[in-house]
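# Structural description and commentary
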Amino acid sequence: MLKASLVLAAALMGGNAMAAEVWKCQVGDQIKYSDRPCQAAGEALPARSLQGNVVDAAVKPPPAQAASGAAAGPVVDARPPANVCPAELEISAMETRASSISLSPEAKAFMRDEVRRARQCRKGQGRYIAADWDISRQAQAAQSSSSGAQDARRRAEDMHSAADPGEGDRISSMREQERAQREAQRRQDQRLQNQAPRPPASIPGR
């Protein structure tokens, strides 16, 4: 039966051995295969039932694709985009403007902060896009105006808070200090107003 097994294996694998006949024989209670006609009950197997699964291996999808049942799509890069920062030449121009005598103290402080944030960006801190620095440039330009400078500063600070969590914490702390200072000044002004001497009340008939 060793010879029959070898013939059967060759038939199952396809190729030239596919032309050999294989017989399925009933021997007692067992089914045996042979390359010779059965001595008792049996039948010759048709060639198509001997075809192997070579094609199946060729058309099967990759394991990961087969497991998900989905067609392979484009690979999405989940990495964050590269940091976009002002060039050194632009930062130098910002430093020059920060020392301009035409700017208010608040505007100068903002310009110095913008210089620091730009340098932090170039060191890899934060995650900025080109549109973020457009907001910064608009705010810098607005510092020369007598109106709208404060609102422009806040827009730029909100942008930095979103792009750089560390800078956002600093800006939040700075604003809290400013609110505390304004509240302390308001209370001081109110106290001085209450302590101011009042003019004597006039007496009717005099």
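Computed from a predicted model, the values in this text were never measured in an experiment.

## Things to note about the overall build of the protein
Secondary structure assignment for the protein yields eight helices and three strands. Along the chain direction, N to C, the helices and strands of the protein fall in the order α-β-β-β-α-α-α-α-α-α-α. Sorting the 206 residues of the protein into buried and exposed places 24% on the buried side. When the accessible area of the protein is evaluated, it comes to approximately 14,900 Å², of which 55% is carbon and sulfur surface.

## Some remarks on the pairing of strand β1 (residues 23–27)
Both β1 and strand β2 (residues 30–34) contribute to a ladder of five bridges, which runs antiparallel. When the bridges of β2 are listed, Val27 appears paired with Gln30. Between β1 and β2, which follow one another and run antiparallel, lie two residues, and Gly28 among them has a positive phi close to 65°. In terms of strand pairing, β1 meets strand β3 (residues 42–44) through three bridges, oriented antiparallel. Paired with Lys24 across the bridge in β3 is Glu43.

## Points about the confidence of the model for the protein
For the protein, per-residue confidence averages 77 on the pLDDT scale, and 69% of positions sit at 70 or higher. Contacts from residues 48–59, a stretch scored under 50 in pLDDT, to residues over four places away or in other chains number eight contacts.

## Topic: the packing of helix α4 (residues 88–98) against helix α5 (residues 105–122)
Two elements in contact, α4 and α5, have axes separated by 8 Å at closest approach and are oriented at 160°. Taken together, the axes of α4 and α5 lie roughly antiparallel to each other. The handedness of the crossing between α4 and α5 is left-handed. For the pair formed by α4 and α5, the contact residues are Glu88, Ile91, Met94, Glu95, Arg97 and Ala98 on the first element and Lys108, Met111, Arg112, Glu114, Val115, Ala118, Arg119 and Arg122 on the second. Of the residues that constitute the contact of α4 with α5, the class distribution is six nonpolar, no polar and eight charged.

## Thoughts on the pattern of salt bridges
Per the counting criterion, the structure on display carries 17 salt bridges. Arg137 serves as the salt-bridge partner of Glu90, at 2.7 Å between the closest nitrogen and oxygen. Here Arg137 lies in helix α6 (residues 130–142) and Glu90 lies in helix α4, a separation of 47 residues in the sequence. You can call Glu90 partly exposed: its relative accessible area is 24%.

The rules behind each value
- Residues numbered from 1 in each chain as written.
- Predicted model: local features only at pLDDT ≥ 70, side-chain atom pairs only at ≥ 80, totals over all residues.
- Heavy atoms only, no water.
- Helix = DSSP H or I, 4+ residues; strand = E, 2+ residues; numbered from the N terminus.
- Buried < 20%, exposed > 50% of the residue type's maximum accessible area, 1.4 Å probe, protein only.
- Areas by Shrake-Rupley, 256 points an atom, 1.4 Å probe, with all protein chains shown as cover.
- Pairing = 2+ DSSP bridges.
- pLDDT = per-residue confidence, 0-100.
- Contact = heavy atoms within 4.5 Å.
- Axes fitted to C-alpha atoms, helices over the stretch in contact; angles between N-to-C directions.
- Parallel < 35°, antiparallel > 145°, perpendicular 65-115°, else oblique.
- Left-handed = near helix turned anticlockwise from the far one by under 90°.
- Nonpolar A, V, L, I, M, F, W, Y, C, P; charged D, E, K, R; others polar.
- Salt bridge = Lys/Arg side-chain N within 4 Å of Asp/Glu carboxyl O.

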